[in-house]
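Analysis of the macromolecular model
Here are the chains, one letter per residue:
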Amino acid sequence: MPPSPAAARPAPVYAGKHRYSLKTSLLVLAALCVLPAAIVNAWLLYNQFELKRNQAEQSTLLLARQVAADLENELSAIESALKVLATAPELLTDDLPGFHRRAREALVAGTVYNYILTDRLGRQVLNTLVPPGQPLPATGTPAQLDRVFTDGTTVLTDLFIGPVTQRHALAMGVPVRRQGEVVYSLNIGLAPERLNALLARQALPEGWLIAILDNTGTIAGRSRDAQRFVGEPAVPALRAALAAAPESQLRLPTKEGQMAYSAVKRSARWGWGVAVGVQEDTLHAAIGPLVWRVAGITVLVLGSGLLLALGLARRVLATVHDINAAAKALSTGEAVTVPEVQFREAEAVGEALRQAAQAMRQVTFAAQHDPLTQLANRAMFTEIAQRQLAASLRSGQPLALVAIDLDHFKDVNDSQGHAVGDAVLVEAGRRIELAVRQSDTVARLGGDEFMVLLSATDPAHALATAERIVEALSQPYPMTPCPVSASAGVALHPAHGATLQALVAAADRALYQAKAQGRHCARMAAADSVSSTPSVA
């Protein structure tokens, strides 16, 4: 037995050998030259960022300690002034109107709301916001001030809403003693603006933020958007850090949702906390110009290396590229343009590719089309129909098959010969194409049998299209006096079949029905038809 062509074909000379692209090799070479410098630069950038981050973390911690110390001093100064006022002689003699005048004179505009004198039951006996003799608020004194009587110490409350001002406030209370016994609590109502003024004295870089928190984790002062956030709870992670340790560093979101490297410092005496944060975006922005400069230099060096390497092999690469492009066009059946190459031998290869492409197109067309009508043949129609059926199943859009057969076509062949019959078939194919949409597929399956695939259609449209085709094919044909008409059968997917074979059989049965009912008509396949009547030739 002679060897098969595949067995007789010699193995390629490059079999078993590694093959490399010249262009890829050049790119790899240039990249390898630049890669070490790029790695070093990336490492330096990373270390630069880490250095800035560490510096920012240390700076936030130092600033948190400084602001906490300033807050301690501020509160201590208020406490000292309050204690001095608590020894006023008017309080020793219960001269409340006189003490009212003294306390009014001691107020600092804007940062101190009022002085309040409360008894052991938490009732106000004096309030500098209320003239002497007028009713005083019955409620609103923070419960924390009860410790002034129980512990005999200075008490700093958390943020609350003042009963008279109806604004956020905090209070500090000191005991008023008479013969060693605490008889009153002298309280001062402070506005959060006093804390904000303390923060305003800090020269903060762009993107930095300071917040003062009371014992509950509520924001009592803020260096940015104070009016918006004072009185709101801090983010959970910040409250947890404040409760867990007197001092900590962590990465957490701000109230605006921006991530920040933060430091938290809690006052040992008052329990209040100071949080200082620097936004990540700020650190990125600080190192961003350096990143772009290094990246630009790296790209410039890499580009220069690539240009140098490509310039050395430009002539070879240009020829290989053009021939590869022509070969790719040949493999996809596209038109092949002979490239302008720099080598005479390559010109011969390009011309050979063009001739091969022309021959391939002719063979491909002949294999897929009817040679007489130039319509799709059975093989091509089957391939398209299978794809359309799969798409119909995915999309749920129905499609239809129309089987068509010319009536009395045999009379034309018998009376005038096959040449006239062929002309009638060509004209019939042209008329069918004019009667359907461009998205529909028309095929000649053999003889005078045609098949049309209607995509994305419904029963009414499919039957109307079949009737339009019948009418078009039943018009007189100039090349013959013989009357020629057409019959058609319509089958729908999936109503009349789930497979192409089932649809063709259903369309053929409908076509046979049209023939049996007098020809020159179109019929829809019955949904419950199970007849195995053979297709009409």
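All figures in this text were calculated on a predicted structure; none of them were measured in a lab.

By the bridge criterion, seven bridges tie strand 9 (residues 247–253) to strand 10 (residues 259–266) in an arrangement that is antiparallel. Paired with glutamine 249 across the bridge in strand 10 is alanine 263. Hairpin connection between strand 9 and strand 10: a loop of five residues separates the two successive antiparallel strands, and glycine 257 in this loop has a positive phi of roughly 90°. Direction of pairing for strand 10 relative to strand 11 (residues 273–279): antiparallel, over a ladder of seven bridges. Bridge assignment links alanine 263 to a residue of strand 11, and that residue is valine 276. The antiparallel hairpin formed by strand 10 and strand 11 contains six residues in its connecting segment, where glycine 271 sits at a positive phi of about 80°.

With that out of the way, let us pick up the confidence of the model for the chain. In the predicted model, the chain carries a mean pLDDT of 83, and 81% of its residues have values of at least 70. Considering only residues more than four positions removed or in separate chains, one finds that residues 1–9, a stretch of pLDDT under 50, has zero contacts.

For the rest of this paragraph, the subject is the pairing of strand 7 (residues 208–213). Counting buried positions over the six residues of strand 7 gives six, a clear majority of the element. Neither face of strand 7 is left uncovered, since the one carrying Trp208, Ile210 and Ile212 and the one carrying Leu209, Ala211 and Leu213 both have all their residues buried. Bridging between strand 7 and strand 11 involves six bridges; their strand directions are antiparallel. Bridge pairing links tryptophan 208 to valine 278 in strand 11. Both strand 7 and strand 8 (residues 219–222) contribute to a ladder of three bridges, which runs antiparallel. Note on strand 8: the bridge partner recorded for leucine 213 is isoleucine 219.

Quick look at the pattern of salt bridges now. A pair can form between side chains of opposite charge whenever their charged atoms are brought close. All chains considered together, the criterion is met by 25 salt bridges. The residue arginine 65 makes a salt bridge to glutamate 247 at a minimum N-O spacing of 2.7 Å. You can see arginine 65 sitting in helix 2 (residues 22–86) and its partner glutamate 247 sitting in strand 9, a full 182 residues away along the chain. Of the charged contacts in the structure, one is a salt bridge between arginine 167 and glutamate 193, with a shortest N-O distance of 3.6 Å. With arginine 167 in the loop between strand 4 (160–161) and strand 5 (168–178) and glutamate 193 in helix 6 (residues 192–200), this pair connects stretches of sequence that are 26 residues apart. Via salt bridges that share partners, Asp405, Asp407, Lys515 and Arg519 belong to a single interconnected network.

Further remarks concern the environment of serine 59. Among the structural elements, serine 59 can be located in helix 2. Take serine 59: its relative accessible area is 32%, and that puts it in the partly exposed class. C-alpha of serine 59 to C-alpha of valine 276: the two residues are 217 residues apart in sequence and 9.1 Å apart in space.

This next bit is on the packing of aromatic side chains. Enumeration over the complete set of coordinates arrives at zero aromatic pairs. Sitting over the face of the ring of tyrosine 477, arginine 431 holds its NZ or CZ atom 3.9 Å from the ring centroid.

Quick notes on the rules
Residues numbered from 1 in each chain as written. Predicted model: local features only at pLDDT ≥ 70, side-chain atom pairs only at ≥ 80, totals over all residues. Heavy atoms only, no water. Pairing = 2+ DSSP bridges. Helix = DSSP H or I, 4+ residues; strand = E, 2+ residues; numbered from the N terminus. pLDDT = per-residue confidence, 0-100. Contact = heavy atoms within 4.5 Å. Buried < 20%, exposed > 50% of the residue type's maximum accessible area, 1.4 Å probe, protein only. Salt bridge = Lys/Arg side-chain N within 4 Å of Asp/Glu carboxyl O. Phe/Tyr/Trp six-rings, centres within 6.5 Å; stacked < 30°, edge-to-face > 60°. Lys NZ or Arg CZ within 6 Å of the ring centre and 35° of its normal.

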